[in-house]
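Residues per chain, in single letters:
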Amino acid sequence: MSETQASTIKTIEWTEAGVRMIDQTLLPAHEVYRTYTDYQGVAEAIRSMVIRGAPAIGVAAAMGVALGVKNSNAASADALRADFELIARTISATRPTAVNLFWAVERTRRVFESALAEAASEEQAIAAAKERLVKEAQRMLAEDIAVNEAMGRAGAALLPDRGVVLTHCNAGALATGGYGTALGVIRAAVDAGKKIEVFADETRPFLQGARLTAWELSRDGIPVTIITDSMAGHFMKEGRIRAAIVGADRIAANGDVANKIGTYTVAVLARENGIPFYVAAPLSTIDLKLASGDEIPIEQRSAREVTHVAGVAIAPEAVRAQHPAFDVTPHRYVTAIITERGVAREPYTESLAALFGSKVNSRQSTVHSQG
Ligand code: MRU
């Protein structure tokens, strides 16, 4: 990766003082870092979207669990287990759609239980559980960055050699441990010499595109232009957009993709205009337990996030508003799903399941293609 395209943003890190995050609610106006010293603070940071984006939420969840267990005064393994369950429940109740959050909590649970089981005494069990959870959370952050880089290598060839690529929401360094999923593929393509320009949907109502994608791409020297969500169809019809690429919050076994509200519109418009629509997501975002996207829980957020922008009312007082935070794109609109283990294509029920059985190959992508 060249110096120019490497993202230097530290979205989240474990420090001696606590879990440190860049406050994404304040970007791009203010670059403020917050340090959370208890798990309740981490849970609130996830809920209020100080940290957001499926893989970043997963890392935050693991660090929140580690922080909560580390701070526990429990004097027995049973008491520590009760604390663990309370922490896990609190963190799991923050946001329902991104499966990475639940995946991360389950992963910490396995580490916690094995630390308790392997220790010789109660005292050692408590110390080992605390130490191993902190290490595991740090490992999950490092792994996430490596996984994103592998996704970049797997997906870069799919993007055009030059021209405009559309993205929706923010699936970049800010949404992950670093590098990004959809923006990671774009970063890798730019590093490979492709002359790519990004059109970023502003992504109403939370404006992740205008505030976050535009901020991190311009910081890294990748040309970016903001368009309102309603302009995407116009630019596609004019022939300006060569490909669309987004991240995901949860992908069902059949390839249906839950992602930021408005993604479905982009996918349908892309199909109508003969433009490939790619999804980049790690295996931790794929939920094989759900047969289709109909089963994915969709978070309903506050109507105030629709009626107000940066605290200023843009609608008549007391008018009703709806705010589903995600939508589900049926798999038939998805040209390919890019993962750290290669690229999956229709039929997704087979190609996604096969990825879970295959070995990670960071150099070469395993392409499951129907032609
Ligand atoms: O509500 P958000 O900002 O957490 O939603 C984020 C998205 O929808 C992203 O596209 C998705 O999590 C993929 S991030 C790599």
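Keep in mind it's a predicted model, so treat the numbers as computed, not measured. (Residues numbered from 1 in each chain as written. Predicted model: local features only at pLDDT ≥ 70, side-chain atom pairs only at ≥ 80, totals over all residues. Heavy atoms only, no water.)

Take the sheet that holds strand β11 (residues 286-287) next. With mixed pairing, 4 strands are arranged side by side in an open sheet as β11-β8-β9-β14. Lying at the two open borders of the sheet, with one neighbouring strand each, are β11 and β14 (326-329). Here strand β8 (residues 250-252) pairs with β11 via 2 bridges, running parallel. Within the sheet, the bridge partner assigned to isoleucine 251 lies in β11 and is isoleucine 286. Along the sheet, helix α9 (residues 263-272) contacts β9 (257-260) and β14; its crossing angle with β14, the most-contacted strand, is approximately 30 degrees. (Pairing = 2+ DSSP bridges. Helix = DSSP H or I, 4+ residues; strand = E, 2+ residues; numbered from the N terminus. Contact = heavy atoms within 4.5 Å. Axes fitted to C-alpha atoms, helices over the stretch in contact; angles between N-to-C directions.)

Moving on, we get to the site of the ligand. Taken together, 19 residues sit near the ligand, with Arg52, Arg95, Asp249, Asn259 and Lys260 positioned nearest. Within the side chain of arginine 95, an N or O atom sits 2.8 Å from an oxygen atom of the ligand. At a separation of 2.8 Å, an oxygen atom of the ligand approaches a polar side-chain atom of glutamine 208. In the complex, 100% of the free accessible area of the ligand, which totals 410 Å², lies under the protein chains. Among the elements of the structure, α2 (54-71) and β9 are those that each provide at least two residues to the shell around the ligand. Residues of the shell around the ligand, tallied by class, amount to 8 nonpolar, 7 polar and 4 charged. Two domains each donate at least three residues to the shell around the ligand, and these are domain 1 (2-150) and domain 2 (157-364). (Near = heavy atom within 4 Å. Polar contact = N/O pair within 3.5 Å; in protein donor to acceptor, adjacent residues only side chain to side chain. Areas by Shrake-Rupley, 256 points an atom, 1.4 Å probe, with all protein chains shown as cover. Nonpolar A, V, L, I, M, F, W, Y, C, P; charged D, E, K, R; others polar. Domains from an automatic or database assignment.)

Sheets are built from strands paired through backbone hydrogen bonds, the pairs being either parallel or antiparallel. The sheet built from 3 strands is open, its strands ordered β1-β2-β3 with antiparallel pairing. With one partner strand each, in any of the chains shown, β1 (12-15) and β3 (33-36) form the two edges of the open sheet. Strand after strand, the sheet turns through a mean of 25 degrees between neighbouring axes, direction not considered. Taken together, the 4 bridges between strand β2 (residues 18-22) and β3 define a ladder with antiparallel strand orientation. If you follow valine 19 over to β3, its bridge partner there is tyrosine 36.

Across the 10 residues of helix α6 (residues 182-191), 9 count as buried, placing the element largely inside the fold. The first or second residue beyond α6 is glycine 193, which carries a positive phi of 100 degrees. (Buried < 20%, exposed > 50% of the residue type's maximum accessible area, 1.4 Å probe, protein only.)

Counting 47 residues, the largest nonpolar core has Ile12 and Met21 as its most contacted members. Among the elements of the structure, β1, β2, α1 (39-47), α2, α3 (77-92), α4 (99-118) and α5 (122-155) are those that each provide at least two residues to this core. With 12 residues, α2 is the largest single contributor of residues to this core. Ile241, Ala267, Phe277 and Leu355 belong to the second largest nonpolar core, which has 29 residues in total. (Core = buried A, V, L, I, M, F, W, Y, C linked by side-chain atoms within 4.5 Å.)

The next point concerns the domain arrangement of the protein chain. Domain boundaries in the protein chain define domain 1 (2-150) and domain 2 (157-364). One C-alpha centre belongs to domain 1, the other to domain 2, and the line joining them spans 25 Å. Each side of the interface is counted separately: domain 1 has 38 residues, and domain 2 has 41 residues. Inspection of the domain 1/domain 2 interface yields 2 salt bridges. A salt bridge links glutamate 299 to arginine 95, with the nearest nitrogen and oxygen atoms 2.9 Å apart. Those elements that provide at least two residues to the side of domain 1 that touches domain 2 are α2, α4 and α5. Per element, the largest residue contribution to the side of domain 1 that touches domain 2 is 7 residues, and it comes from α5. Split by residue class, the side of domain 1 that touches domain 2 holds 19 nonpolar, 13 polar and 6 charged. (Salt bridge = Lys/Arg side-chain N within 4 Å of Asp/Glu carboxyl O.)

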